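# What the coordinates show
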Amino acid sequence: MSETAIRSAAETNAASTYLLEARGVSKRFGGVLALDKVDFRLAAGEVVALAGDNGAGKSTLIKIISGVFQASTGVLFFQGAPAHFDNPQTARDSGIETIYQDLALADNLDVGANVFLGREPVRRILGLPFVDRQRMRHEAAETLKTLDIELDRLDRPVRALSGGQRQCVAIGRALHWHARVLIMDEPTAALGVPEQRKVLALTRSLAQRGVGIIFISHNLQDIFSVSDRIVVLRRGALAGACNTAESKPDDIVKLMVGA
Amino acid sequence: MWLTSARAWLFLAILVIGIELWAESTFHVSFIANRTNLSSIAVFAVAPLLLAIGQTFVIISGGIDLSIAFTMGFATVILSQVVNAASPVLGDTLGLLVAVIVSLAACTIPGLINGLLIARLRVPPMIGTLGMYGVVRGIAYLLAGGTTVPVYNPILISIGNGSILGVPTVVIITVFAMLVLHYLLSQTKFGQYTYAIGGSQQASLRSGINVRRVTVWIYILSAVCAGIAGILYTGRFTAGAAQAGEPLVLDSVAAVVIGGASLFGGSGTIIGTLIGALIVAVIQYGSVFIDIEPFWQFVAVGVVIIISVIVDQGQKRLGGGRVDE
């Protein structure tokens, strides 16, 4: 892929043919340029790994995509049209879900409540609204079943679940809400090896359902086993991009450290 | 959850049996099989319980509200002043109604400021509400002219001291308020978000919950509960007094944590708080009944708070869940 071609596309501001596209996105925090004219594209059904050292701008980029930050300059396209996400809620409403390594779930609530957190179904009894817990548990169980996730008890706080199970609940939540783009921030960081495999397998199966996935990881092994393409950031700028099948871990490391 | 609630029930039962045995053996009277005692304990529990049900929301959300001690007194003073001024003009019924609305509306102001301090300016709840404790205390004394304000409204006095079918009116009103808050906490999105914020503020924010708005409403709710306690107090003692709620803030926190809520947020129920408030009331009334020096009450309630928190911590460790260091 040629960077100059994309740059000129940004200038013409033509409609995007990708599920998600960022053109020339920059983000400045006071005097610090955290992200410098970065281009990023994601197709439906594609897993794109976002690699880079600490401070490379990975989390700034995904926070712009997920509506936490707004780009200082540059344009974001979602499903072909320019998109403005003022806050995470509007991004979520459009179908962009984010899974954070540890902060995604409220530990004290059960699986159903977590899958529906912020979007609880309500039924009315004598005109009074009641949160429909049974429906939340039932639908959460259905969704998890389609992902081959088995949890014996859905009515316990998710605190009682293992790290991998918690990550599965977070993924289940994204699927339940028909995520078109799923951002996974270090999804395997705190997990044991079997659970890492489960999460990676889930990631692939979500991509097969047509979800576009941005996969952030420090673990090159995970990146190579799950992604279709790898985009590397260094010091806030695009260091390079390549197809996973055509590259070796060494190439990525070189791009990351700038050697 | 049911385990902590069972623990509180058990504690209440042991407490009642202990006082019963003491009363039987020392004074040869029954503590519990006595209508006056039961009714007195219920009336005794009214103000701490009203403060505690509001405090339950605050503590579940991971905060604490110390200001309610004087928000309650603030409400009694405003109610008394307004009812005395309005009743001669508007009549007893309408005058009381206006006074109740004005005093509850006034209580929302410290609640709103608490909420904004904590949710927007990120002041720690302990410090924000302690500051408000001082502010409301001073204003309440200023409005009262530094003294107690007697009220002259027969309807208010009959609400404070009357009974319906043998049940004190203040108890009926309190039970009604408790049921409303139980519904809010256990069945509505507002209640669900209260738990979610206490469980993980980050997860709540990232799930699109308006954490600031919910937090502000939690503190307003707490202040309004203190206002209702103040109104009932004014009726019962036929006077407004700035210091009315001062000793009750400890009782309210005690009721909530004895009832199984964690001071670290995320857990607790209104039913648990009810049991906790009953335990506090039984300790206080029972110790008078069996003739213990009244100052021991403070010691007992304080010790019970500390033990409840230690047990809560121990249970977290034993429960197999993750303990946040």
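Note that the coordinates shown come from a computational prediction; the quantities given were computed from them, not determined experimentally.

## Regarding the overall build of chain A
What chain A contains, in helices and strands, is nine helices and 12 strands. Over its C-alpha trace chain A gives a radius of gyration of 19 Å, about what one expects of a compact globule, namely 18 Å for 259 residues. When its C-alpha atoms are laid out on the principal axes, chain A stretches across 60 × 40 × 35 Å. The buried share among the 259 residues of chain A stands at 46%. A sequence separation of at least 24 residues applies to 65% of the contacts in chain A between residues at least 6 apart.

## Quick word on the overall build of chain B
Looking only at helices and strands, one finds 13 helices and four strands in chain B. Taking 20 Å as the expected radius of gyration for a compact globule of 325 residues, we find that chain B reaches 20 Å, a close match to that expectation. Seen through its principal axes, chain B has C-alpha atoms that stretch 60 × 55 × 35 Å. Residues counted as buried form 51% of the 325 residues belonging to chain B. The long-range fraction of contacts in chain B, counting pairs at least 24 apart against all pairs at least 6 apart in sequence, stands at 77%.

## Brief notes about the environment of Val311 of chain B
All names here are of chain B. You can see Val311 is positioned in helix α13 (residues 296-318). Taking the C-beta count within 10 Å as the criterion, Val311 has 16 such neighbours and is therefore assigned partly exposed. For the pair Val311 and Ile258, spaced 53 residues apart in sequence, the C-alpha separation works out to 9.8 Å.

## Comments concerning the confidence of the model for chain B
Residues of chain B with pLDDT of at least 70 account for 96%, and the chain-wide mean is 91. Per the prediction output, this complex has pTM 0.86; the corresponding ipTM is 0.82.

## Concerning the interface of chain A and chain B
In this assembly, 22 residues from chain A lie in contact with 21 residues from chain B. Elements that contribute at least two residues to the side of chain A that touches chain B include exactly α3 (88-94) and β8 (128-131) of chain A. Its residues assigned to classes, the side of chain A that touches chain B comprises 14 nonpolar, four polar and four charged.

## Topic: the sheet that holds strand β3 (residues 47-51) of chain A
Across a sheet, strands are paired by hydrogen bonds formed along the backbone, either parallel or antiparallel in direction. All names here are of chain A. Taken in spatial order, the six strands make up an open sheet running β6-β9-β10-β3-β11-β12, and their pairing is mixed. At either margin of the open sheet sits one strand with a lone partner, and together these are β6 (96-99) and β12 (237-243). Averaged over neighbouring strand pairs, the angle between their axes works out to 20° when direction is ignored. Judged from the four bridges that link them, β3 and strand β11 (residues 229-234) form a sheet pairing that is parallel. By the bridge assignment for β11, Val48 is matched with Arg229.

## A word on the pairing of β8 of chain A
Here strand β7 (residues 122-125) of chain A pairs with β8 of chain A via four bridges, running antiparallel. What sits directly across from Arg123 of chain A, in β8 of chain A, is Phe130 of chain A.

## Concerning the environment of Arg156 of chain A
Residue and element names in this part refer to chain A. Position of Arg156 among the secondary structure elements: in the loop between α5 (133-146) and α6 (163-176). With 15 C-beta atoms packed within 10 Å, Arg156 lands in the partly exposed category. Arg156 sits 18 residues away from Ala174 along the chain, and the two C-alpha atoms are 20 Å apart.

Calculation criteria
- Sequence order as written defines residue numbering, which begins from 1 separately in each chain.
- Lettering for chains starts from A, numbering for ligands starts from 1, and both go in the order in which the items are written.
- Local features in this predicted model are restricted to residues of pLDDT 70 or higher, and side-chain atom pairs are both shown and tallied only at a pLDDT of 80 or more, whereas totals for entire chains, interfaces and linings draw on every residue.
- What counts as a helix is a DSSP run of H or I of at least four residues, what counts as a strand is a run of E of at least two, and both are numbered from the N terminus.
- The globule rule is 2.2 Å times the number of residues to the power 0.38, and the radius of gyration it is compared with is taken over C-alpha atoms.
- Put simply, a residue is buried when 20 or more other C-beta atoms lie within 10 Å of its own C-beta and exposed when 12 or fewer do; between those, it is partly exposed, and each C-beta is set from the backbone.
- A residue pair is marked as a contact if its C-beta atoms, positioned from the backbone, fall within 7 Å.
- The pLDDT score gives, residue by residue, the confidence of the prediction method on a 0 to 100 scale.
- Any residue outside Ala, Val, Leu, Ile, Met, Phe, Trp, Tyr, Cys, Pro, Asp, Glu, Lys and Arg is labelled polar, Gly included; the first ten of those are nonpolar and the last four are charged.
- Any two strands with at least two DSSP-identified bridges between them are counted as paired.
- Between N-to-C directions, angles span 0 to 180 degrees; the directions come from axes that are lines fitted to C-alpha atoms, helices contributing only their stretch in contact.

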